[in-house]
Amino acid sequence: MPRQSIDQLQSTFRGELIQPTNGAYDSARKLYNAMIDKRPKLIARCVDVADVMAAVRYGRENGMLTAIRGGGHNGAGLGTCDDGLVIDLSRMKGVRVDPTSRTARVGAGCVWGDVDHATHAFGMATPSGFISTTGVAGLTLGGGIGYLARRYGLTIDNLLSADVILGDGRFVTASAQENSDLFWALRGGGGNFGVVTSFEFRLHPVNTVQFGPTFWPLEQAADVLKFYRQFILTAPEEVNGFFAFLVIPPTPMFPEHLHMKMVCGIIWCGTGTAELTEKATKPMRSVGTPLLDAIGPTPFPVVQSIFDGLYVTGLQWYWRADNFTELSDAAVAKHVEHGSKLPTMLSAMHLYPVNGASQRVDSNETAYSFREALFAEVIVGVDPDPANAQKITTWCKEYWEALHPYSAGGAYVNFMMDEGQDRVQAAFRDNYCRLAAIKKKYDPTNFFRVNQNIRPA
Ligand SMILES: Cc1cc2nc3c(=O)[nH]c(=O)nc-3n(C[C@H](O)[C@H](O)[C@H](O)COP(=O)(O)OP(=O)(O)OC[C@H]3O[C@@H](n4cnc5c(N)ncnc54)[C@H](O)[C@@H]3O)c2cc1C
């Protein structure tokens, strides 16, 4: 890398420029998923939009492979690269809530905990995910599936506008009124089109919710899953509950006799009243004989951060995913077979319901294509010990291969590893051609290609 160029960049850059010789390099290059170990040439930790513009120009003029890093949570490690430039947005925090218009302007370096903290003070929230440490940027640009999806839609359904730096260094705003083609593509198309520097979201009155799990022994998993597949399609939209195979962690939150027990369960989050949640979830919670059934009022930010202490930075992760429009008895049998063989305490299978409000948007209204899917499945092999990397990967792949024939054929991009072009196209289906045309317009050289890549038409 020419020394001169770094000096030139430094002279216009307010954030940090971290090279391999810098003492902070090893901590700066680390990702959430410790299975990914990449060594960029330069990490440009931006503090403002001007820094992002300078970093993009620098990457382009030096012909560098350029990755964009928001929260650094991507399973496939698509927030970094080997031998290239990482545009790291983690210092671009800041949330401004406008309680009158019920909107929030969010810096691209925020994680969801930052947003929940700021909006909760006003008794509001916007749909995000199931954990508070995930980056707002990556989650939003892929779609955003979370506790509020049945009631208020995906995260992208609540995105009002985004500020973007394009590959040629230009600043644009994308919204329904301005650059509407780009706005369409950003809502599901990932980091393919530019660096988003801030997001504007619609907020909803979400404050204290009814939260908690119902756990059943594995022997009852088939009955639970068969009831659940119908139940969650007709439950009031105020009720969310995702199905999981999991190991109950040894924390004081759970009775000691259940610690380390492999179970199936539903994790509930009701945004209606306690009475409505109790009445609406009762039929499901009456299936079989639950081991634990504990729903209670919980502030929404607490719900969002309840798994944070369990899933800390630096674990080994291997992900696989698919969307499902139905769950046949045969698929249920495969789930029970593989879900009963979780290889480690932190490994899990989650089945997220994506009906209700998230289905009131058509498949071609945003880049996110699978609007008719009823469930987004994600299988994660997780463990702190690198020696178990192969074990969790093998289990995850075998589970995925057993279920894939029953799937709708493609996955949610944010739950995918680096699985090749066929899988990217399968995720976008009919929307891929339109995405490729928009890519050609806004990023004709495919400068932004460290992502689930859409190639310019
Ligand atoms: C523990 C855990 C829980 C999760 N839970 C959920 C969940 O509940 N719901 C859900 O929908 N997803 C969930 N995810 C998946 C998550 O949405 C993706 O991993 C997402 O990519 C993370 O975003 P990030 O900003 O943290 O990632 P990063 O690794 O920083 O970035 C990922 C990709 O996003 C793009 N990107 C990031 N920032 C920008 C930007 N400012 N401009 C343009 N492109 C950008 C880049 O192309 C990059 O390739 C979870 C992930 C983890 C690890």
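Residues numbered from 1 in each chain as written. Predicted model: local features only at pLDDT ≥ 70, side-chain atom pairs only at ≥ 80, totals over all residues. Heavy atoms only, no water.

Participant: Quick one: what's the story with the environment of Ile36, residue by residue and with numbers?
Facilitator: Tracing the backbone through its elements, the reader meets Ile36 in the loop between α2 (25-29) and β2 (42-45). Considered as a pair, Ile36 and Ala76 are 40 residues apart in the sequence and their alpha carbons are 7.4 Å apart. Not counting chain neighbours up to four residues away, the residues in contact with Ile36 comprise Leu31, Gly75, Ala76 and Gly77. (Helix = DSSP H or I, 4+ residues; strand = E, 2+ residues; numbered from the N terminus. Contact = heavy atoms within 4.5 Å.)

Participant: Go over the pairing of strand β17 (residues 375-383), please, and point to the residues and values.
Facilitator: Within β17, nine of the nine residues are buried, leaving the element largely enclosed by the surrounding structure. Residue alternation in β17 divides its side chains into two sets, Phe375, Glu377, Ile379, Gly381 and Asp383 and Ala376, Val378, Val380 and Val382, and both sets are buried. As paired strands, strand β16 (residues 348-353) and β17 are joined by six bridges and run antiparallel to one another. Looking at β17, one finds that Ala348 is bridged to Val380. (Buried < 20%, exposed > 50% of the residue type's maximum accessible area, 1.4 Å probe, protein only. Pairing = 2+ DSSP bridges.)

Participant: Describe the packing of helix α13 (residues 421-428) against helix α14 (residues 431-442), naming the residues involved and giving the relevant values.
Facilitator: It is the contact of α13 with α14, at a shortest axis distance of 7 Å, that shows an interaxial angle of 105°. Classified by the angle their axes make, α13 and α14 are roughly perpendicular. Within the contact between the two elements, α13 uses Gln421, Val424, Gln425 and Phe428 and α14 uses Asn431, Tyr432 and Leu435. In terms of residue class, the contact of α13 with α14 is made up of four nonpolar, three polar and no charged. (Axes fitted to C-alpha atoms, helices over the stretch in contact; angles between N-to-C directions. Parallel < 35°, antiparallel > 145°, perpendicular 65-115°, else oblique. Nonpolar A, V, L, I, M, F, W, Y, C, P; charged D, E, K, R; others polar.)

Participant: So, the packing of aromatic side chains: which residues are in play, and what are the values?
Facilitator: In the structure shown here, the tally under the stated rule is 23 aromatic pairs. Aromatic side chains Tyr147 and Phe242 sit 6.2 Å apart centroid to centroid with 45° between the ring planes, which places their arrangement in the tilted category. Taken together, the residues Tyr147 in the loop between α5 (136-142) and α6 (149-152) and Phe242 in strand β11 (residues 239-247) connect sequence positions 95 residues apart. Relative accessible area serves as the criterion here: at 2%, Tyr147 is assigned to the buried category. Geometrically, the ring pair formed by Trp319 and Phe415 is stacked, given 5.9 Å between the ring centres and 20° between the ring planes. Residue Trp319 is found in strand β15 (residues 316-324), and its partner Phe415 is found in the loop between α12 (389-403) and α13; the two are separated by 96 residues along the sequence. (Phe/Tyr/Trp six-rings, centres within 6.5 Å; stacked < 30°, edge-to-face > 60°.)

Participant: Give me the lowdown on the sheet that holds strand β3 (residues 66-69), citing residues and values where you can.
Facilitator: Spatially, the four strands line up as an open sheet ordered β1-β2-β4-β3, and their pairing is mixed. Each of the sheet's edge strands pairs with one partner strand only, and the pair in question is β1 (16-18) and β3. Strand-to-strand, the axes of this sheet are offset by a mean angle of 20°, without reference to chain direction. Sheet topology note: the β1/β2 ladder contains three bridges and is antiparallel. Paired with Ile18 across the bridge in β2 is Ile43. Contacts from helix α3 (residues 49-61) reach β2, β3 and β4 (85-88), with the element oriented near 170° to β4.

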